[in-house]
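Residue-level listing of the chains:
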Amino acid sequence: MADQIAKISEVEFGVELPAFDPDTSIENVRRFGKYVGWGGGRFTDHDAARKEGFPGAIIPGVMSQGFLGAMIHRWAPSAQIKVIDTIFRAPVLVDQPHTITGVVTNIEEDLKQVEIDITITNEANETRVQGTATIELPA
Amino acid sequence: MDDDIQVMRDQFLNQEFDEVTLEIEGTRFAEYAKACGELDQKFTDPNHEDFQAPPTFVATLVGRRNLPEDFPRLNGVGMDAGKAVEWLAPIRDNMTLTGKSHLHDIYTKTGRSGRMVFLVTRMELYSEDGTHVANADTRTVIRERPSG
C-alpha cells in the first residue's frame with residue numbers, strides 16, 4: 001500500500017494520513033453484531049432504527065472507534081496505538097458513505113510518539129466522530 | 001464546580017463498584033478486526049505468531065453495570081458520548097481478564113439547551129498474572145431536562 005510509514009523519522013508535522021472509507025454496509029454491521037455484539041435493531045435494521053427515531057440504522061460507537069484504529073494501522077503498520085479517545089458527535093449511518101481523515105498534530109521524537117487528530121465525516125462533510133490518538137513508532 | 005456535582009465526585013469517584021471475569025476469544029477479536037478494516041494479520045489471523053487484539057477491542061468489553069448501584073438518578077436522557085482506550089500490553093486468545101470498574105470523572109458543560117453532565121466510567125483490565133493490560137473509558141452524557 002502506498003503512503004505508509006515505518007518509523008518516526010518518516011513522519012512530518014501536519015501531514016495528512018491517507019483517507020480511509022470504512023465499510024458501513026449493513027452486511028458488515030450485521031457480521032459485527034453476530035460475532036462481537038451490538039446486534040440490536042437500531043444497528044442492523046433500518047426500519048427498527050427509524051422506529052427509535054433515527055434516520056436509519058447506525059454504526060455502533062465501538063465499531064466507529066475500531067475504524068479509527070484500522071485507519072492508523074493502514075498508514076503505519078508498525079505503530080502501537082497507546083491511547084485513542086473518541087467523541088461521538090452524531091450518528092454514523094449504516095449504508096451511507098463516510099470518510100475518515102487524519103492529520104499529525106504533534107511529534108515527540110524522544111518518546112517515539114506521534115499525536116493524530118482523526119475525523120469521520122459523511123457525504124455532506126458533516127463531522128460525525130472525532131478522535132485523537134497517541135501512537136508509538138520505531139526509531 | 002457546581003455543588004451537586006462536587007458532592008457526587010466526593011462520594012463516588014475512584015470507588016470500585018464492579019468486578020467481572022472476561023474470557024477472551026481470538027475468533028471474536030479477529031472478526032472485530034476484519035469488520036473494522038484492519039489488514040494486519042496479527043489482528044485477523046489466529047495462526048499468526050503475534051496474534052493479538054486490536055487496541056480498540058477492549059471498548060467492546062462490558063461489565064455488569066455502568067454506574068454504582070446507589071448512584072443518584074439524574075433528570076435527563078443518557079447517551080454514549082465517547083470511548084477512550086489506553087493500551088498497556090497485548091491481549092491474546094484465551095486470556096482471562098479481570099475488569100474492575102470505577103467512576104473516573106464527573107464534570108459538566110453548559111450549552112444552549114442547558115446543563116450536560118458527563119460521567120466517565122473506567123474499566124481497568126488485568127491479566128491472570130496481575131498485569132494491567134488496558135483501560136477502557138465510557139463517557140456518558142446526560143442532557144438535563146429543564147426543571148419546573
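Residues numbered from 1 in each chain as written. Chains lettered and ligands numbered in written order. Predicted model: local features only at pLDDT ≥ 70, side-chain atom pairs only at ≥ 80, totals over all residues. Heavy atoms only, no water.

(A) Molecular detail of helix α1 (residues 3-12) of chain B. Residues and elements named next belong to chain B. Within α1 the residues assigned to the buried category are I5, M8 and F12. Buried residues in α1, looked at end-on, bunch into an arc of 60°, giving them a common side. Of the residues in α1, the exposed ones pointing more than 90 degrees away from the buried face are D3 and D10. Where the residues of α1 are buried, they touch β3 (96-111) and β4 (114-126). (Buried < 20%, exposed > 50% of the residue type's maximum accessible area, 1.4 Å probe, protein only. Helix = DSSP H or I, 4+ residues; strand = E, 2+ residues; numbered from the N terminus. Arc of directions from axis to C-beta. Contact = heavy atoms within 4.5 Å.)

(B) Examining the confidence of the model for chain B more closely. Averaged over all residues, the pLDDT of chain B is 95; the fraction at 70 or higher stands at 99%. Predicted complex, confidence summary: ipTM 0.96, pTM 0.95. (pLDDT = per-residue confidence, 0-100.)

(C) Focus on the nonpolar core. Within the largest apolar cluster, 64 residues are counted, with the highest numbers of intra-cluster contacts made by W75, I135 and L137 of chain A together with L97 and L125 of chain B. In terms of residue count, helix α4 (residues 61-75) of chain A provides more of this core than any other element does, eight residues in total. Formed by eleven residues, the second largest nonpolar core is a distinct cluster that contains I5, L103, L119 and I142 of chain B. (Core = buried A, V, L, I, M, F, W, Y, C linked by side-chain atoms within 4.5 Å.)

(D) Layout of the pairing of strand β3 (residues 98-108) of chain A. Residues and elements named next belong to chain A. Two elements, strand β1 (residues 16-20) and β3, share three bridges in a ladder whose sense is antiparallel. In the sheet register, E16 faces β3, and the bridge partner there is V103. Pairing of β3 with strand β4 (residues 113-122), which is carried by ten bridges, proceeds in the antiparallel orientation. Pairing of G102 across the sheet is with I118, part of β4. The antiparallel pairing of β3 with β4 creates a hairpin that spans four residues between the two strands, and K112 there sits at a positive phi of about 60°. (Pairing = 2+ DSSP bridges.)

(E) Main features of the pattern of salt bridges. By the definition in use, this model includes 15 salt bridges over all chains. R31 of chain A is the salt-bridge partner of E31 of chain B, the closest N and O atoms lying 2.8 Å from each other. Here the residue E31 of chain B occupies a position in helix α2 (residues 26-36), and R31 of chain A occupies one in helix α1 (residues 26-35), the pair thus bridging two chains. Look at E31 of chain B and you get buried, because its relative accessible area is 13%. The partly exposed category is assigned to R31 of chain A, whose relative accessible area is 35%. (Salt bridge = Lys/Arg side-chain N within 4 Å of Asp/Glu carboxyl O.)

(F) A look at the packing of aromatic side chains. The tally for this structure, following the rule as stated, stands at six aromatic pairs over all chains. Considering the side-chain rings of Y32 of chain B and F57 of chain B, the 5.5 Å spacing of their centres and the 75° angle between planes classify their relative orientation as edge-to-face. Here Y32 of chain B, found in helix α2, pairs with F57 of chain B, found in the loop between α3 (41-44) and β2 (76-87); they are 25 residues apart in sequence, far enough to count as distant. Across the pair, F57 of chain B and Y32 of chain B agree in class, each one buried. Ring centres of Y107 of chain B and F118 of chain B lie 5.0 Å apart, and the angle between their planes is 0°; this geometry places the pair in the stacked category. Here F118 of chain B lies in strand β4 and Y107 of chain B lies in strand β3, a separation of eleven residues in the sequence. Taken together, F32 of chain A together with F29, Y32, F51 and F57 of chain B form an aromatic cluster joined through their ring pairs. One residue, K100 of chain B, lies across the ring of Y126 of chain B, its end atom 5.2 Å from the ring centre. For the cation-ring pair, K109 of chain B lies above F118 of chain B, with the distance from its terminal atom to the ring centre recorded as 5.4 Å. (Phe/Tyr/Trp six-rings, centres within 6.5 Å; stacked < 30°, edge-to-face > 60°. Lys NZ or Arg CZ within 6 Å of the ring centre and 35° of its normal.)

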